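# A structural walkthrough
Chain by chain, the residues:
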Amino acid sequence: MSAVLKIRPLQQNEMQIALDMAKDEGWNPGLEDGPAFYAADPDGFFAGEIDGELVNVISAIRYGDDFGFIGLYICKKEHRAQGYGHQIWDHAMAYLGSRLTGLDAVKEQTASYAEHGFKPAYRNIRQAGMSVCDTPMDPRIAPLGQGIFPSIRDYDQRFFPAPREKFLRLWTAPMFETRRGFAFAENGEVKGYGVIRQCDDGFKIGPLFADTPDVADTLFRALAGQVKGRTVILDTPEPNAAALLLAEKYELSPEFETFRMYRGPAPDLPLDQTFGITTFELG
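Cut-offs and rules
In this numbering scheme, every chain counts its residues from 1 along its sequence in written order. With pLDDT at 70 or above as the cut-off, local features in this predicted model cover only qualifying residues; side-chain atom pairs require 80 or more to be listed or tallied, and sums for whole chains, interfaces and linings still use all residues. Each side-chain value is worked out from all heavy atoms of the structure, with water and hydrogens disregarded. The classification of residues rests on relative accessible area computed with a 1.4 Å probe and restricted to protein chains. Under 20% of the type maximum is buried, over 50% is exposed, and intermediate values are partly exposed. Secondary structure follows DSSP: runs of H or I at least 4 residues long count as helices, runs of E at least 2 residues long count as strands, and numbering of each begins at the N terminus. It is the directions from the helix axis to the C-beta atoms that the arc portrays. Contacts are assigned to residue pairs with any non-hydrogen atoms lying within 4.5 Å of each other. Throughout, the protein atoms alone are placed on a 1 Å grid, and a set of points is a cavity if a 1.4 Å probe fits but cannot get out or a pocket if it is open with protein on both sides within 12 Å along at least five of seven lines; lining residues have an atom within 4 Å of a point. Grid points are joined across faces, edges and corners, and a volume is the space filled by probe spheres set on the points. Note that Gly is not counted as nonpolar here; it falls among the polar residues with everything else outside the nonpolar set of Ala, Val, Leu, Ile, Met, Phe, Trp, Tyr, Cys and Pro and the charged set of Asp, Glu, Lys and Arg. In protein, a polar contact requires one atom able to donate a hydrogen and another able to accept it; more generally it is a pair of N or O atoms within 3.5 Å, and residues adjacent in sequence count only if both atoms are side-chain atoms.

The name an unreviewed UniProt entry assigns to the protein is GNAT family N-acetyltransferase, from the organism Roseibium salinum.

Okay, structure coming up:
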């Protein structure tokens, strides 16, 4: 008989535990993802304990009243196949209630999520390779900072089903040594932005949102140019053919894939302007 699982909130000072579990699973989170993740919804992280030992985690982020996202759904290997995953999943889904909910699933788990009402919308392809870019001197590129944040926040709302200001404020902040961000602005109007952050293995670019492929290319070179000679990673949505061509142009190769799935109608987002998703964990 399985021991009793006690489900409780994951505290802010425990966020690194969840990220270390994700690292052990090969998910390669950013070195300083914790503060931004937690800011998105401090009540949306849960831990399962057995006799005081943390055995599984999950995140269920409430983005306002209408959208939620499931991530960091991990159980330690020695405690799998005992029903603990189902228990913490049910707890997380109850927390999200009737919200339209998204997640990124590996192919092997899509059937399992389909049993819970999730339907695949499109495939994301993780592309990786050595950065050969030099930082361009394009005058339309500007580093992200507090002064430009309101414009970035407003621009981002086109690409996400709900406002995520608290998350973005930290995700794009230059206060962390392991990340940089740039905006592309022309005639005082933001036409794209991106963030690159250091991970345990290489540097992930995400998001990379841009009005046109040329803007995306300029931003990619600015971001990847920060880490020339190092591994860069870009999670491209397959429906965006220009994003796949961008990855091919800079010699990035497919190494992993997920399926974006939704419980409820898939939101109408500009995938043709989404060249890199923000994160598999929080959407």
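This brings us to helix H8 (residues 241–249). Of all the positions in H8, only Ala243, Leu246 and Ala247 are classed as buried. Seen end-on, H8 carries its buried residues on one side only, within an arc spanning 95°. The exposed set on the far side of H8, more than 90 degrees from its buried face, consists of Leu245, Glu248 and Lys249. Those residues of H8 hidden inside the fold are in contact with strand E6 (119–130), strand E10 (203–210), helix H7 (213–224), strand E11 (231–237) and strand E13 (274–276). Positive phi shows up at glutamate 251, right after H8, with a value of about 60°.

Bringing empty space enclosed by the protein into the picture now. Applying the stated criterion across every chain yields a total of two cavities of 30 Å³ or more. Around the largest cavity sit 14 residues that line it, and Tyr122, Phe159, Phe160, Arg260 and Ile277 are the ones nearest its centre. Residue composition of the lining of the largest cavity, grouped by class: nine nonpolar, three polar and two charged. Here the second largest cavity is characterised by a volume of approximately 50 Å³. Lining the second largest cavity are 13 residues, and of these Arg197, Lys204, Asp235, Ile277 and Thr278 lie nearest its centre. Elements supplying a minimum of two residues to the lining of the second largest cavity: E10 and E11. Along the lines of polarity and charge, the residues of the lining of the second largest cavity split into five nonpolar, three polar and five charged.

This part takes up the side chain of aspartate 104. Relative to the helices and strands, aspartate 104 is located in strand E5 (residues 100–105). Note on aspartate 104: relative accessible area 15%, which makes it buried. Within polar-contact distance, the side chain of aspartate 104 engages the side chain of asparagine 124 at 3.0 Å. Those residues in contact with aspartate 104, other than ones at most four positions away along the chain, are Phe69, Asn124, Thr258, Phe259, Arg260, Ile277, Thr279 and Phe280.

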